[in-house]
Structure formats: C-alpha cells, structure tokens
Amino acid sequence: MTGAPASAAGGPGAPGTRGAAGASGASGKGTSGTGATGAQGSKTPRGAKLSAAAVNQASLWNVANLLTMLRLVLVPGFVALMLADGGYDPVWRAWAWAAFAVAMITDVFDGHLARTYNLVTDFGKIADPIADKAIMGAALICLSSLGDLPWWVTGVILGRELGITLLRFVVIRYGVIPASRGGKIKTLTQGVAVGMYVLALTGPLATLRFWVMAVAVALTVLTGLDYVRQAIVLRRQGLAERKAAAEEAEA
C-alpha cells in the first residue's frame, strides 16, 4: 500500500517505482506460484477420481458379486438338469435340486457379505435381484410345464415378484420400501416349497410339499398387499412433504 503513493509521487525513475516494480514482480511470482499450485491442486482431484474409479472397477470382482454371477450361471444349468431325460428322472431331478439349493444359499450369503464388508456395487444392486427372480422363475416355469405345479401358482408368485419390483421403481422418487421380515419369511418358504417340488417326492412328503407351497402362496399374496400399502403411504408422505416445501418456499 505504501508503494502505490510513492510511485504516484516520484515518477518513473523514483526508487519507489523500482520498489513497486519489485513488489509487482514478487507479486507476479507469487501469483504464478499460486497458479502453479492451483494447477497442481486441480490435478490432484482428477488423479484421486481416477484412483477411485479404478478401485470401484476392481471391486466388481469381489466375492459377493462372484456369488451373484454363479447364481446367474446356475440358471441355464438348472433348467438343463431339470428337463433332462424328459424331466421325470429322479436322479436328474436330484442334481437339479442341488443346483437350486446352491443358488438359494448363495442368495443369502452374497447380500450378507456385501453389506458386512462394504462390497456393495452398482452391478450387485442390479444383478442380485435379477439372479433371484431368474432361478425362482426358471424353477416355477419348469415345474408347471412338467405338470407338477399348477400354472396359476406360478402366475401368482411371478406376478407378485414382478409387480412389486415395478412398484419399487414407481415410488423410488418418494423413498425406498424396506424389505420386511414377512418378505424374508416368504422367500424362505418359497425356496423350501419349490425345492421340495423339484425333488421327485412321493407319499407323505409329496403331501407335505403341497401344504408348504400353500403357505408360500399365502405369504406371497399377503406380503405383496403389505408392500402395496407401504407404497401408498410412502407416496402420500412424499407428496405431503413436497407440498409443504412448496408452500414454505412461496411464503
């Protein structure tokens, strides 16, 4: 601040001018240094983003996603085993049950591992529910095509699963419908019932699987209706919050 008045009073040759020039030069160096530092600083976040992207890309091959991929691969294998030799050979049906059991067990573990060890990825979010519905849908369709299970049972279960999935996407703008305990019990019961139908059971066990499937269908319908109720409540709450926010903004 003292350099500027001295320069104004002393003219070009005044020492104050050289001081101002020197100060200006120093300031220039400081500015360029700051610019360099800023440039280096601006490069660091880009490098960090690239590193983060590389880590995220590598995390695609974590154990949770590998289990999900295994379930996807098991679907065509299960269908081939299920329909081998006309679809009624007890040995092939036992192998098909083993593939189905592995798929259902990995469904439990991959989600648990992803949440426990922070292995959640975009691929897992999309592929996991697809793998769940693919193995269950394949089993139901195979059983109905072989005449072991009425088509209306397959329609109720698959219709519920697809309907609730679409419903989640519709109300996701208002919030996420959490998985309920009833839904988890439904999934377990469905897995047990379908697994029993995959096996070539006879006698009392065949009667038992009928009742297990009846419970699974009942839970499928009841939990589906509960999800619809939750979706309606969530949508109403979301609309009310938006209306309140709009009124507050206008005020």
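Anything mentioned here points back to the structure above.
The sections below set out a description of the structure shown in this document. (Residues numbered from 1 in each chain as written. Predicted model: local features only at pLDDT ≥ 70, side-chain atom pairs only at ≥ 80, totals over all residues. Heavy atoms only, no water.)

With that settled, the discussion passes to the overall build of the protein. Of regular secondary structure, the protein possesses eight helices and zero strands. Burial statistics for the protein: of 251 residues in total, 31% are counted as buried. At a minimum sequence separation of 6, the contacts of the protein that also span at least 24 residues come to 72%. As displayed, the protein offers around 15200 Å² of accessible surface, 70% of which is attributable to carbon and sulfur atoms. (Helix = DSSP H or I, 4+ residues; strand = E, 2+ residues; numbered from the N terminus. Buried < 20%, exposed > 50% of the residue type's maximum accessible area, 1.4 Å probe, protein only. Contact = heavy atoms within 4.5 Å. Areas by Shrake-Rupley, 256 points an atom, 1.4 Å probe, with all protein chains shown as cover.)

Two aromatic rings are characterised by how far apart their centres lie and by the angle between their planes. Counting across every chain of the model gives two aromatic pairs. Centre to centre, the rings of Phe78 and Phe100 are 6.0 Å apart; their planes meet at 45 degrees, and the pair counts as tilted. Here Phe100 lies in helix α4 (residues 90–116) and Phe78 lies in helix α3 (residues 63–83), a separation of 22 residues in the sequence. Judged by its relative accessible area of 0%, Phe78 falls in the buried class. (Phe/Tyr/Trp six-rings, centres within 6.5 Å; stacked < 30°, edge-to-face > 60°.)

This part is about the packing of helix α7 (residues 181–198) against helix α8 (residues 204–250). Following both chains from N to C, one finds α7 and α8 inclined at 150 degrees, their axes separated by 8 Å at the closest point. When the interaxial angle is binned, α7 and α8 end up roughly antiparallel. Like other packed secondary-structure pairs, α7 and α8 cross with a definite hand, here left-handed. Residue-level inspection shows Gly182, Gly183, Ile185, Lys186, Thr189, Gln190, Val192, Ala193, Val194, Met196 and Tyr197 of α7 in contact with α8, the latter providing Leu205, Leu208, Arg209, Phe210, Val212, Met213, Val215, Ala216, Leu219, Thr220 and Thr223. When the residues that make up the contact of α7 with α8 are grouped by side-chain class, the tally is 14 nonpolar, six polar and two charged. (Axes fitted to C-alpha atoms, helices over the stretch in contact; angles between N-to-C directions. Parallel < 35°, antiparallel > 145°, perpendicular 65-115°, else oblique. Left-handed = near helix turned anticlockwise from the far one by under 90°. Nonpolar A, V, L, I, M, F, W, Y, C, P; charged D, E, K, R; others polar.)

One can find Arg93 in helix α4. Take Arg93: its relative accessible area is 4%, and that puts it in the buried class. Through-space distance from the C-alpha of Arg93 to that of Leu83 is 8.3 Å; in sequence the pair is 10 residues apart. A polar side-chain atom of Arg93 sits 2.7 Å from the main-chain carbonyl oxygen of Gly87. (Polar contact = N/O pair within 3.5 Å; in protein donor to acceptor, adjacent residues only side chain to side chain.)

Helix α6 (residues 151–171) packs onto helix α5 (residues 122–145) with a crossing angle of 160 degrees between their chain directions and a minimal axis gap of 9 Å. One finds that α5 runs roughly antiparallel with respect to α6. The way α5 lies across α6 gives a crossing that is left-handed. When α5 is examined against α6, the residues Lys133, Gly137, Leu140, Ile141, Ser144 and Ser145 are found in contact with a partner set consisting of Trp151, Thr154, Ile157, Leu158, Glu161 and Thr165. When its residues are assigned to classes, the contact of α5 with α6 shows five nonpolar, five polar and two charged.

Inspection of every chain in the model, using the stated rule, returns seven salt bridges. For Asp128, the salt bridge goes to Arg71, with nearest N and O atoms at 2.5 Å. Taken as a pair, Asp128 in helix α5 and Arg71 in helix α3 lie far apart in primary sequence, 57 residues in all. (Salt bridge = Lys/Arg side-chain N within 4 Å of Asp/Glu carboxyl O.)

Phe78, Met82, Phe100, Val194 and Met213 are the most contacted members of the largest nonpolar core, which has 29 residues in total. Put simply, the parts of the chain that give this core at least two residues each are α3, α4, α5, α6, α7 and α8. Here this core takes seven residues from α5, the largest share from any one element. Apart from the residues within four sequence positions on either side, Val194 is in contact with Phe100, Met136, Ala139, Leu140, Leu143 and Met213. (Core = buried A, V, L, I, M, F, W, Y, C linked by side-chain atoms within 4.5 Å.)

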